[in-house]
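What follows is the residue order along each chain.
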Amino acid sequence: MKLFGRNHILVCVFTFVILFLMNYLGNEEADKIERALMTASAGVIGLTIGLLIMNKGKNDKNPPQDFD
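Residues numbered from 1 in each chain as written. Predicted model: local features only at pLDDT ≥ 70, side-chain atom pairs only at ≥ 80, totals over all residues. Heavy atoms only, no water.

A cluster of nonpolar side chains, Phe 4, Ile 9, Leu 10, Val 13, Phe 14, Val 17, Ile 18, Leu 21, Met 22 and Leu 25, forms an exposed patch at the surface whose accessible area comes to about 1000 Å². Structurally, Leu 25 can be placed in helix H1 (residues 6-25). (Patch = residues over 30% accessible without salt bridge, like charges linked within 9 Å, V, L, I, M, F, W, Y side chains within 5 Å. Areas by Shrake-Rupley, 256 points an atom, 1.4 Å probe, with all protein chains shown as cover. Salt bridge = Lys/Arg side-chain N within 4 Å of Asp/Glu carboxyl O. Helix = DSSP H or I, 4+ residues; strand = E, 2+ residues; numbered from the N terminus.)

If you want it as structure tokens, here you go:
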């Protein structure tokens, strides 16, 4: 998946919406909107960092030489 491409943005939006709704609807505390926003934002940031790490090794022109 291309980082910050159309598919990445769609996955981030779906992740944000799902995490936000799960935390907002399932929380009975007074600050449920803040907690839901922080959790959903952290989920999207974690997803982006994970994809960045996964895409780091793609198209590597200098693979390790005789690793074993």
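For helix H2 (residues 32-56), spanning 25 residues, the distance from its first C-alpha to its last is 36 Å, which sits close to the expected 36 Å at 1.5 Å a residue. The complete set of buried residues in H2 reads Ala 36, Ala 40, Val 44, Thr 48 and Leu 51. Elements that come into contact with the buried residues of H2 comprise H1. (Expected span 1.5 Å × (residues − 1). Buried < 20%, exposed > 50% of the residue type's maximum accessible area, 1.4 Å probe, protein only. Contact = heavy atoms within 4.5 Å.)

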